[in-house]
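# Secondary and tertiary structure notes
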Amino acid sequence: MANGQSNSNGVYLDFERPIIDIEKKIAELEEYSARRGIDFSNEINQLKGSLEGAMTEIFANLTSWQRVQMARHPHRPLTSHYLNLLIHDFLPIQGDRIFHEDGAIVCGFGKLEERKVMVIGHRKGRNPQENIKCQYGSAHPEGYRKAMRAMRMAEKFKLPILTFIDTPGAYPGIGAEERGIALAIAESIKLMSSLRVPIICTVIGEGGSGGAIGIGVGDVLLMLQNAYYSVILPEGCSAILWKDGGSNQEASEALKLTAKDVERFGICDEIVPEPIGGAHRDHKQTVQTLKDAIVRRLVELEDKPLDELLEARYEKLRSIGEFSESSK
Amino acid sequence: MGWENFKRITFRRKKEVPGGLWLKCKGCGNLVYKKKVEEKQHVCPECQYHFTLSASERIKNMLDKGSFKEMHTHLTPTDPLQFKGSKTYKDRLERAQKNTGMKDAGIVGTGNLESRPVAFGITDSRFLMGSMGSVVGEKLARITEHATANRLPLIIVSGSGGGARMDEGMLSLYQMAKTCAALERHDQAGLLYISILTNPVMGGAFASYASVGDINIAEPKAIIGFTGPRVIEQTIRRELPAGFQTSEFLLEHGMIDMIVSRENLKSEIAKILEYCAN
Ligand SMILES: [Zn+2]
């Protein structure tokens, strides 16, 4: 069902166009051949060959900005898809107990195969109503405070934590500032650095700055191949760098925000490959690949004594950064 | 702006030129005698506006005379992203280094505050807006660890309007986690951390080390927040209320314990140390 969604819905990115065109032709020929009983298999196979060629060419060499667009693709699997396909028996945890139930972050108990886990993820919403309810994944302080409730409960009941990061950033608004969005994020980061359960964070789409790192500290950080993670959105960066309106393309390159870049900095531990053409072209395969990576990592983490786990987590965070230290 | 104001400003512009004896106050708009401002730790004698203070002046004002011992002085920023906008990061760094005489925005070390030993860190807003890249993050983490190991109270004064430094990309973002992780250990060791917020503190600095003090203190009328006001205005499409993201706003909304003017800062901290330092 997930396969070729962009084709049937007609929503696709500019650079996907050649692929969509070939796919359309194949579908037409197949339909025609079935209707008229004429054998077009040669032509169809030829087209399938060029489809494969086009896919390889386009997706092997995506620019940073194209990856950002892939990460925001309207059919890209969201946290809710992972909750459906990766987790079963989900039991939600709602509300920050102070002010509000923030739809932009979803939390709850769930099972990953037979393993009990705590799930925390940004929620963007799958349709316009949900989008508004979830503020497109931009959380208020209450989202992070609810997440901290879930984290503490995970620690109490000894459940590993899985976070799914997919946000353009924390919500930029008056209420968010009034209720201490910066404090909520800082407290969450601080808490995650010392929680006595394994934590695996995965950037599944957008890793937008402070809003992302607010649930992005743990033992392992995974990134889907076309996800991005950045200190600032490319749009914000280009507005600062080139006051006369520079390009998002250039800003994306400058920020080094792709999974490969983030891995090179020692922040991302593993890049999870996406199906050719991107995660949106095959939700099931994407989820399966990520599931395998998460389970493999969980087994490793669960093997470690807790003190060792926490020491390794601290050492990882401590080692991030590049500078020189010579006394000249 | 009315005609009255316009006249006043043009009149003052002329007067500002000679000698550099006078300063125009950003708070009240008055011309104030520079020497008098300096005597008052760079606070306007007329309206109490707190001018920007360099890190070294701050250290002089806050710690006992001659007690400060700077640590980790050799840490120097590199250019891990080869970052380039309309100017290169390399050029921006060189300029900031030349203007301030500092290698990066942070200074850390130990000293005494009214005879009590403390670990001390500070970010200087004159150096790339006090933003946090790898060097600032590393220095703050190291001084926190030093404080934990030696069971010292920790004081960090931030002037970090630049938040997480864009030019070092994700490395800057994760300095938030690095500093918070060190502070968490300090916290769990039962030790005190006082965060002093000075004008300005924004973004990733406020959303990490600067907001998680046992005690958070701000100087009067400092601009402190997470998202830049312009971005918020563009999102919500209306004007922001007066006094938004100021120290006073933070106090009203429960994010800081107190607002303390610069001249009382040292004695207020001493009072806290009396209760909370071992
Ligand atoms: Zn004044």
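Residues numbered from 1 in each chain as written. Chains lettered and ligands numbered in written order. Predicted model: local features only at pLDDT ≥ 70, side-chain atom pairs only at ≥ 80, totals over all residues. Heavy atoms only, no water.

Residues and elements named next belong to chain B. In the first shell of the zinc ion, the protein supplies Cys25 (SG), Cys28 (SG), Cys44 (SG) and Cys47 (SG), at 2.3 to 2.4 Å from the metal. Here the zinc ion binds four donor atoms, and the angle range of 105 to 115° at the metal identifies the geometry as tetrahedral. Read in sequence order, the donor residues coordinating the zinc ion give the pattern C-x2-C-x15-C-x2-C. (Donors = N, O, S within 2.8 Å, 3.2 Å for Na, K, Ca; no water. Tetrahedral: all angles 85-135°; square planar, octahedral: opposite > 155°, others 65-115°.)

Taken together, the contact pairs 51 residues of chain A with 57 residues of chain B. The contact between chain A and chain B buries some 4,800 Å² in all, and 67% of this surface belongs to carbon and sulfur atoms. On the chain A side of the interface with chain B, the three residues burying the most area are A:Glu177, A:Lys190 and A:Arg318, jointly 15% of the side's total. Taken together, the connections running from chain A to chain B amount to six salt bridges. For B:Asp187, the salt bridge goes to A:Lys190, with nearest N and O atoms at 2.5 Å. Remark: the boundary between chain A and chain B carries 22 residue pairs in polar contact (both at pLDDT 80 or more). (Contact = heavy atoms within 4.5 Å. Buried area = accessible area lost by both parts, 1.4 Å probe. Salt bridge = Lys/Arg side-chain N within 4 Å of Asp/Glu carboxyl O. Polar contact = N/O pair within 3.5 Å; in protein donor to acceptor, adjacent residues only side chain to side chain.)

All chains considered together, the criterion is met by 35 salt bridges over all chains. Measuring nitrogen to oxygen at the nearest pair gives 2.9 Å for the salt bridge that ties B:Glu138 to A:Arg318. Of this pair, B:Glu138 sits in helix α5 (residues 134–149) while A:Arg318 sits in helix α15 (residues 306–319), each in a different chain. Of the residues examined, B:Glu138 reaches a relative accessible area of 6% and is grouped as buried. Judged by relative accessible area, which is 11%, A:Arg318 ranks as buried. Two residues, B:Asp124 and B:Arg126, come together in a salt bridge whose shortest N-O distance is 2.9 Å. Look at B:Asp124 and you get buried, because its relative accessible area is 0%. We classify B:Arg126 as partly exposed; its relative accessible area is 40%. (Helix = DSSP H or I, 4+ residues; strand = E, 2+ residues; numbered from the N terminus. Buried < 20%, exposed > 50% of the residue type's maximum accessible area, 1.4 Å probe, protein only.)

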